[in-house]
Structures are given as structure tokens and as C-alpha cells.
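Each chain, letter by letter, is given below.
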Amino acid sequence: MFGTATGVRAVRNPVRRHILQLLEGGEMSFESIVSSSGRAKSTVSAHLSALVDEGIIGSRPGDDDERKKYFFLTSHFIGELSPGDRIADEISDYAFDYREGAVDPFAFYRLVYRTFRVSLLMEGISIDPLLKRAGETVGNAIYPALAAKDMDGFCTNLAGFWEQHHLGNIENLTLDPIYFSIYDCFECVELPFLGKPACSFDSGLLSLLFSRQSGRPMEALERECYAAGDPCCTFEILPVPEK
């Protein structure tokens, strides 16, 4: 699913999905797309025209040769709709758990987030890319409260912020490489077993925070996750390779 200026568009055709995956790496010429797709020029041209008409991609003429065309994304990848990946769960159980632990002032907000996420998963809808971008937006907002003169001070502030806001407990932190575990992670600790990492919001949030602190693009890679059956969520923070 892709978010465009006129609404959400679903892309089902495998050739079009492959073209969009190619364009995630940046602008490409028509000839390069044809070569990478392994399809006939007429087939690729028809799919590109349809994607342009739907507002998912855009095109421009070449700088030196206007007969050449270059294509680029004009939309955002929101997530995937996969009915075969639906999960079975009882939403009512979450409300019961909240009643049992309602003395926790943060319990209601965790209930809302958890119920929203599970409701989508029950319909086979994954919005991980959207959650990651939301995390980046929140990261920009809270970074000034965490900024420090060095990485050690920043990590101390980060751990304190996570604990203060009941986001989890950051432990086993190392700086070279930057690696830490989060216990009682608010995003996934009570999600059903998914068999894969699920902390997309945290990944976007942590990527943005460490990028701003270090002054260069950084990526938070989730190595372990409660939703994958692990005993905690573990992140490794790595520099983003230059293209």
C-alpha cells in the first residue's frame, strides 16, 4: 500500500511491485528499469504509465536528451495487506488486563496502542513503514530533551527517559558497538507471537535520536524482539552506508 497525494493506492501486480522496489533506491532511467526487470519494453512502459497515472511515481525528461525518461517515487510505502498473514487473537483480553492493572497511569495508553496494532494484524494489515516514520517524527520532537555533549551522556539520558515514561528498561548497553537491550518494551511485550521483530516505531525513534546525536545517519536494527519469541528487545545502532 502506498500513500499518494490523492489517497492510498494498493499495488498488486508483481511487475509493478518490482519496479517500485527498484525506485526505492533512487531515480532510474527507463532503460535501466527495463534491464533490471527482465521484461519487454512495451510491458514495462505500460506498467510505468499506470503507476504515473495513479500518482505513485513521477517522471521527467533527461537533462541532455529529452527523449530519455527518468522515473522516481512520488508516494510513501505505508505497509502491506496480506490476508494470509492474519493472526487470531482476543481483543477483549486486552481490556481485561487493563482493568486488572488500572492503577498504572500508563496502562490505558498501552492498551490503546496494543489494541490498534492487533486489530490491524487480525485483518492481515502491516503498517510497519508508517510506524517507523511516526517514530522518526516523535524522535525529532523529543531529541532536545535527550541531547548531550557526548554519546555516553546521551545514552544515560535515553535510559532515564525510557524508564520515566514507562517505555521499558534499557540494559546491557555498550558504546562500541552501540548495542543494548530493552526489557518490558511498551511496543511489543504483550503482542501475540509473530515470529519476527515488531518494534517498527521504536526503530524509527531510535534511528532518528542516534542520528541527531552523532550528526550522521544512523540505523537502529532490531536483533531480538518479544514478538519473535526472544526474552527482550535488542537493538544495534549502525551508521547508514553511504550510497
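In short, a report on the structure. Fair warning: this is a prediction, and the values are worked out from it, not measured in the lab.

Let's talk about the packing of aromatic side chains
Given two aromatic rings, one states the distance between the centres and the angle between the planes to describe the pair. Applying the stated criterion across every chain yields a total of eight aromatic pairs. For the ring pair Phe-180 and Phe-210, a centre distance of 6.1 Å and an interplane angle of 20° mean the geometry is stacked. Taken as a pair, Phe-180 in strand E10 (residues 178-183) and Phe-210 in helix H8 (residues 200-214) lie far apart in primary sequence, 30 residues in all. Across the pair, Phe-210 and Phe-180 agree in class, each one buried. Through pairs of rings, three or more aromatic residues link up here, namely Tyr-143, Phe-154, Phe-180, Phe-210 and Phe-235.

Remarks on the sheet that holds strand E2 (residues 7-9)
Strand order in this open sheet of three strands is E2-E1-E6, and the pairing throughout is antiparallel. The open sheet terminates on both sides in strands that have one partner only, identified here as E2 and strand E6 (76-77). As paired strands, strand E1 (residues 2-4) and E2 are joined by three bridges and run antiparallel to one another. The residue bridging Thr-4 from the neighbouring strand is Gly-7, located in E2.

The rules behind the values
- Residues numbered from 1 in each chain as written.
- Predicted model: local features only at pLDDT ≥ 70, side-chain atom pairs only at ≥ 80, totals over all residues.
- Heavy atoms only, no water.
- Phe/Tyr/Trp six-rings, centres within 6.5 Å; stacked < 30°, edge-to-face > 60°.
- Helix = DSSP H or I, 4+ residues; strand = E, 2+ residues; numbered from the N terminus.
- Buried < 20%, exposed > 50% of the residue type's maximum accessible area, 1.4 Å probe, protein only.
- Pairing = 2+ DSSP bridges.

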